[in-house]
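What follows is each chain in one-letter form.
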Amino acid sequence: MAPLAERLRPRSLDTYIGQRHLVGEGAVLRQAILSGNIPSIIFWGPPGVGKTTLAKIIANQLERPFHGLSAINSGVKDVREVIEKAKKQRFFSQPNPILFIDEIHRFSKSQQDSLLGAVEQGIFTLIGATTENPSFEVIPALLSRCQVYVLEHLSKEDLLQLLHQAVEQDEVLKNKKIDLKEYEALLQYSGGDARKLLNILEIVINVTTDEKIVLTNDLVKKQLQQNILLYDKSGEQHYDIISAFIKSMRGSDPNAAVYWLARMLEGGEDIKFIARRMIILAAEDIGLANPNALLMANTCFQTIQNIGMPEARIILSQAAIYLATSPKSNSAYMAINKAQALVKNTGNLPVPLSLRNRPTKLMKDLGYGKNYKYAHDYQDNFGAMEFMPESIIGQQLFTPSDNAQEIKIRTKLKQNWEDKYGY
């Protein structure tokens, strides 16, 4: 018998749970589906939020042939075979088939290139699913031909609706005496992943021999600990473990960082995914305290692509230890957050005349660029003037942290700006 998650997979938009911003009444994707005119699509979102299900619903609703490939175990040869099948299914005015590629971010450039011609010619409508930012993982030529839709984590209400639906409507579970007394542990372990939630529910119910099954938090925790291999084997701890890895480096613990790195490598995690997260951490959490951290992380990312596994593990380990043992500062991260909030609150403030570009005589006559001080004409390459729009003069967005590198920065800023920004 099919697993619970597959038995409960919805077949229509009306039974689909979640993603109301896309498929709710009047939402953009629902309108496109109902019109029968959909473009090639990339669904971007975390695991278990309905990307595959939505692709199948689209094919079912539009009555189109559906071909599915997984980027993990499919190559260019498989893509070409599907293209040939799709060509044979094109009869007169019959709509083109749908090709669904799960984890499209794992396709290499050559594999993605092999899709281009068929997408351009309308041989099929492509629907790709990815947990990674498609701007980084999908080649520009293919991405430009697709509409990207972002799928969100399922809400607590969505997950509870799914649980009740499973207990009350599933052909197997509805015949059992199940009391959903507590659900917090089920939601906690699922992490917003519907597939994981149903897998956990099925595990707990299958190993419980009582005639009446009372689902409590203690029962869920106990059964998952006893069936940990069943719970972990699908590799769906992807986000939990990368979170532990990042937090270990942020917390300056190289031992924990290397442990979580090993967990990911042994689980077959994409090494580029790991390296990208280290680049983000180098900028967000180390920043100006050690500017070389960003160089190290970026070098790591470039090198592992040339080296590959298993040797890439050494490079990843070196970078992780370096980042974990570096001094920490989030001053640059906080500065851009404050700046963006200020922009949203104040709108498009005019650029001061002294800072404006003046390529024409008219602009010069209007005062564009007047009184601008070219920094290199002054001692220490600094000529004090106002660079902020008038209404926000004196706003401090960057606050140096108390590490050796940024103490030097604060001293220099104080020397230049005195008390203007509170340095």
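Whatever comes next refers back to the structure up there.
Residue numbers here run from 1 along each chain, matching the order of that chain's written sequence. With pLDDT at 70 or above as the cut-off, local features in this predicted model cover only qualifying residues; side-chain atom pairs require 80 or more to be listed or tallied, and sums for whole chains, interfaces and linings still use all residues. Note: side-chain values were computed over all heavy atoms of the structure, leaving out hydrogens and water.

## A closer look at the overall build of the protein chain
Then comes step 1: Counting its regular elements, the protein chain contains 21 helices and 7 strands.
Then comes step 2: Within the span of the protein chain, comprising 423 residues, buried residues form 45% of the whole.
Then comes step 3: In the protein chain, the proportion of contacts linking residues at least 24 apart, taken out of those at least 6 apart, comes to 72%.
Then comes step 4: The method behind every accessible area is Shrake-Rupley, applied with a 1.4 Å probe, and residues are considered shielded solely by the protein chains displayed. In the form shown here, the protein chain has an accessible surface area of approximately 22900 Å², with 51% of it arising from carbon and sulfur atoms.
Then comes step 5: Charge assignment: positive for Lys and Arg, negative for Asp and Glu; neither His nor the chain ends contribute. In plain terms, the charge of a residue is placed at NZ if it is Lys, CZ if Arg, CG if Asp and CD if Glu. For the protein chain, the distance from the average position of its 49 positive side-chain charges to the average position of its 46 negative side-chain charges is 4 Å. Elements are defined by DSSP. Helices are runs of H or I of four residues or more, strands are runs of E of two residues or more, and each kind is numbered from the N terminus. Here the term buried applies to any residue with accessible area under 20% of the maximum for its type, exposed to any over 50%, and partly exposed to those in between, with areas from a 1.4 Å probe on protein chains only. Contact criterion: two residues are considered in contact whenever any of their non-hydrogen atoms come within 4.5 Å of each other.

## Re the packing of helix H16 (residues 271-286) against helix H18 (residues 312-325)
Then comes step 1: The geometry of H16 relative to H18 is characterised by a closest axis approach of 11 Å and an angle of 15° between their N-to-C directions. Here H18 runs roughly parallel to H16, going by the angle between their axes. Crossing of H16 over H18 shows left-handed handedness. Listed contacts from H18 to Ile271, Ile274, Ala275, Met278, Leu281, Ala282 and Ile286 of H16 are Ala312, Leu316, Ala319, Ala320 and Leu323.
Then comes step 2: Residue type decides the class: Asp, Glu, Lys and Arg count as charged, Ala, Val, Leu, Ile, Met, Phe, Trp, Tyr, Cys and Pro as nonpolar, and the leftover types, Gly among them, as polar. Taken together, the residues of the contact of H16 with H18 sort by class into 12 nonpolar, no polar and no charged. Interaxial angles span 0 to 180 degrees and are taken between N-to-C directions of axes, which are lines fitted to C-alpha atoms, for helices over the stretch in contact. Note on angle classes: values under 35 degrees are labelled roughly parallel, values over 145 roughly antiparallel, values of 65 to 115 roughly perpendicular, and the remainder oblique. In this scheme the handedness of a crossing depends on how the near helix is turned from the far one: anticlockwise by less than a right angle means left-handed, clockwise means right-handed.

## Focus on helix H21 (residues 404-417)
Then comes step 1: A rise of 1.5 Å per residue sets the reference length of H21, with its 14 residues, at 20 Å; its end C-alpha atoms lie 20 Å apart and thus fit the reference within 8%.
Then comes step 2: Glutamate 418 lies just past H21 and shows a positive phi near 55°. To estimate how far a helix should extend, the number of its residues minus one is multiplied by 1.5 Å.

## Points about the sheet that holds strand S1 (residues 40-44)
Then comes step 1: Strand order across the open sheet formed by 5 strands is S2-S3-S4-S1-S5, with parallel pairing between neighbours. The sheet terminates laterally at strand S2 (66-70) and strand S5 (146-150), the two strands that pair on one side only. The sheet shows a mean angle of 20° between the axes of neighbouring strands, taken without regard to direction. Note: two strands are recorded as paired if DSSP finds a minimum of 2 bridges between them.

## Description of a nonpolar patch on the surface
Then comes step 1: On the surface, a nonpolar cluster with roughly 330 Å² of combined accessible area is contributed by Tyr372, Tyr374 and Phe387.
Then comes step 2: By secondary structure assignment, the location of phenylalanine 387 is in the loop between helix H20 (361-365) and H21.
Then comes step 3: Relative accessible area serves as the criterion here: at 38%, phenylalanine 387 is assigned to the partly exposed category. Patch membership is restricted to residues that have no salt bridge and whose relative accessible area is over 30%. Joining uses 9 Å for like charges and 5 Å for the nonpolar side chains Val, Leu, Ile, Met, Phe, Trp and Tyr. Salt-bridge detection follows one rule: a side-chain nitrogen of Lys or Arg within 4 Å of a carboxyl oxygen of Asp or Glu.

## Points about the side chain of arginine 276
Then comes step 1: Relative to the elements of secondary structure, arginine 276 occurs in helix H16.
Then comes step 2: Residues adjacent in sequence count toward polar contacts only when both atoms are side-chain atoms; beyond that, a polar contact is any pair of N or O atoms within 3.5 Å, and within protein one must be able to donate a hydrogen and the other to accept it. A polar contact is formed between the side chain of arginine 276 and the side chain of glutamate 137, at a distance of 2.3 Å.
Then comes step 3: Beyond its immediate stretch of four places on either side in the chain, arginine 276 contacts Glu132, Glu137 and Phe301.

## Some remarks on the pattern of salt bridges
Between side chains of opposite charge, a pair can form when the charged atoms approach closely.
Then comes step 1: On inspection of all chains with the given rule, the structure shows 19 salt bridges.
Then comes step 2: Between aspartate 14 and arginine 30 there is a salt bridge whose closest N-O contact spans 3.7 Å. Placement of the pair is aspartate 14 in the loop between helix H1 (4-7) and helix H2 (20-23) and arginine 30 in helix H3 (residues 28-35), with a sequence separation of 16 residues.
Then comes step 3: You can call arginine 30 buried: its relative accessible area is 10%.
Then comes step 4: Of the charged contacts in the structure, one is a salt bridge between arginine 410 and aspartate 402, with a shortest N-O distance of 3.2 Å.
Then comes step 5: On the basis of relative accessibility, which here comes to 22%, the residue arginine 410 falls in the partly exposed class.
Then comes step 6: Here aspartate 402 falls in the exposed class, since its relative accessible area comes to 68%.
Then comes step 7: Taken together, the shared-partner salt bridges connect Glu132, Glu137, Lys272, Arg276 and Arg277 into one network.

## A few points about the packing of aromatic side chains
Then comes step 1: Working definition: rings of Phe, Tyr and Trp (its six-membered ring) pair if their centres are within 6.5 Å, and the pair is stacked with planes under 30 degrees apart, edge-to-face with planes over 60 apart, and tilted otherwise. On inspection of all chains with the given rule, the structure shows 6 aromatic pairs.
Then comes step 2: Centroid distance phenylalanine 66 to phenylalanine 100: 6.1 Å. Interplanar angle 25°. Geometry classified as stacked. Remark: phenylalanine 100 occurs in strand S3 (residues 98-102) and phenylalanine 66 occurs in strand S2; sequence separation between them is 34 residues.
Then comes step 3: The class for phenylalanine 100 is buried, based on a relative accessible area of 4%.

## A few points about the packing of helix H15 (residues 254-266) against H18
The axes of two packed helices give the description: the angle between them and the distance between them.
Then comes step 1: Between H15 and H18, the shortest axis-to-axis distance is 9 Å and the interhelical angle comes to 150°. When the axis of H15 is compared with that of H18, the two are roughly antiparallel. In this structure, H15 crosses over H18, and the sense of that crossing is right-handed. Within the contact between the two elements, H15 uses Pro254, Ala257, Val258, Leu261 and Leu265 and H18 uses Arg313, Leu316, Ser317, Ala320, Ile321, Ala324 and Thr325.
Then comes step 2: Its residues assigned to classes, the contact of H15 with H18 comprises 9 nonpolar, 2 polar and 1 charged.

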